[in-house]
Amino acid sequence: MSAKIPRNFRLLEELEKGEKGLGAEACSYGLTDGDDITMSEWNGTILGPPHSVHENRIYSLKLHCGPNYPDVPPAVQFLSKINLPCVSQVDGKVDPSKLACLAQWRRDYNMETVLLEIRREMATGSNRKLPQPPEGTTY
């Protein structure tokens, strides 16, 4: 059985990876407030996948890592308006039951996992052509 990494150590690893740009080039993330000692509030950015209606768009999100993260997934909410089946058109919140990595969350997943999964969702057959709100609109 492997050792369970404490929440803050895990979040510090994610912060370092996000700040140094060591993750995927299509997504980025970091703390909303550098003075947030609980490391709960995060910003995320997803570059729209090529060959889709999302191409050349930049989507902003916020992620909330509660006290039980990484045992439970972060809450994810788009700030940029987007039309995707897993996103509420009212407030931009991602429905965990409609995004595989949130619905089947594992402790070894992280914020980058979530952002990349959303980006993959944007590029799937039916979603890649969905009509989108005007660029630059927000919830």
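Residues numbered from 1 in each chain as written. Predicted model: local features only at pLDDT ≥ 70, side-chain atom pairs only at ≥ 80, totals over all residues. Heavy atoms only, no water.

The protein is annotated in an unreviewed UniProt entry as Ubiquitin-conjugating enzyme/RWD-like protein of Lipomyces orientalis.

**Student:** So what exactly am I meant to see when it comes to the sheet that holds strand β1 (residues 27-31) here?
**Tutor:** Working definition: the strands of a sheet are paired by backbone hydrogen bonds and lie parallel or antiparallel to each other. If you trace the four strands from one edge of the open sheet to the other, you get β1-β2-β3-β4, paired in antiparallel fashion. With one partner strand each, in any of the chains shown, β1 and β4 (75-78) form the two edges of the open sheet. Taking the axes of each pair of neighbouring strands and ignoring which way they run, one obtains an average angle of 25° across the sheet. Note: strand β2 (residues 41-47) against strand β3 (residues 58-64), seven bridges, orientation antiparallel. Bridged to Glu 41 within β3 is His 64. Running at roughly 125° to β1, helix α1 (residues 7-19) makes contact with β1 and β2 of the sheet. Contacts between helix α3 (residues 111-123) and the sheet are confined to β1, β2, β3 and β4, with β2 contributing the most and set at about 35° to the helix. (Pairing = 2+ DSSP bridges. Helix = DSSP H or I, 4+ residues; strand = E, 2+ residues; numbered from the N terminus. Axes fitted to C-alpha atoms, helices over the stretch in contact; angles between N-to-C directions. Contact = heavy atoms within 4.5 Å.)

**Student:** I keep staring at α1 and nothing clicks. Help me out?
**Tutor:** Since the α-helix packs 3.6 residues into each turn, any two residues three or four apart lie on the same face. Over its 13 residues, α1 runs 18 Å from end to end, which matches the ideal 18 Å to within 8%, given 1.5 Å per residue. Among the residues of α1, those classed as buried are Arg 7, Arg 10, Leu 11, Glu 14, Leu 15 and Gly 18. Taken end-on, α1 shows its buried residues confined to a sector of 140°, consistent with a single buried face. Those residues of α1 that are exposed and angled more than 90 degrees off the buried face are Phe 9 and Glu 19. (Expected span 1.5 Å × (residues − 1). Buried < 20%, exposed > 50% of the residue type's maximum accessible area, 1.4 Å probe, protein only. Arc of directions from axis to C-beta.)

**Student:** When you look at the side chain of Arg 10 in this model, what are you seeing that I'm missing?
**Tutor:** Checked against the element boundaries, Arg 10 lands in helix α1. Exposure remark for Arg 10: the relative accessible area of 9% places this residue in the buried category. Among the polar contacts listed, one links the side chain of Arg 10 to the backbone oxygen of Arg 107, at a separation of 2.8 Å. If we skip the residues at most four places from it in the chain, Arg 10 touches Ile 5, Tyr 69, Pro 70, Arg 107, Asp 108, Tyr 109 and Asn 110. (Polar contact = N/O pair within 3.5 Å; in protein donor to acceptor, adjacent residues only side chain to side chain.)

**Student:** Which parts of the structure should I look at to understand the state of the cysteines?
**Tutor:** Taken as a whole and assessed by the stated rule, the structure comprises zero disulfides. Free cysteine: Cys 27, not disulfide-bonded; nearest cysteine sulfur from Cys 101 at 11 Å. In this structure Cys 101 is not part of a disulfide, and its nearest cysteine sulfur, from Cys 86, lies 9.2 Å away. A residue is classified by how much of its surface remains accessible, and Cys 101, at 4% relative accessible area, is buried. (Disulfide = S-S within 2.5 Å.)

**Student:** Is there a simple way to explain the pattern of salt bridges in this structure?
**Tutor:** Pairs may arise between side chains of opposite charge once their charged atoms sit close together. The full count for this structure, using the stated rule, is six salt bridges. Two residues, Arg 107 and Asp 71, come together in a salt bridge whose shortest N-O distance is 2.6 Å. With a gap of 36 residues between them, Arg 107 in the loop between α2 (100-103) and α3 and Asp 71 in the loop between β3 and β4 connect regions that are remote in the sequence. The exposure class assigned to Arg 107 is partly exposed, which follows from its relative accessible area of 25%. A relative accessible area of 41% places Asp 71 in the partly exposed class. (Salt bridge = Lys/Arg side-chain N within 4 Å of Asp/Glu carboxyl O.)

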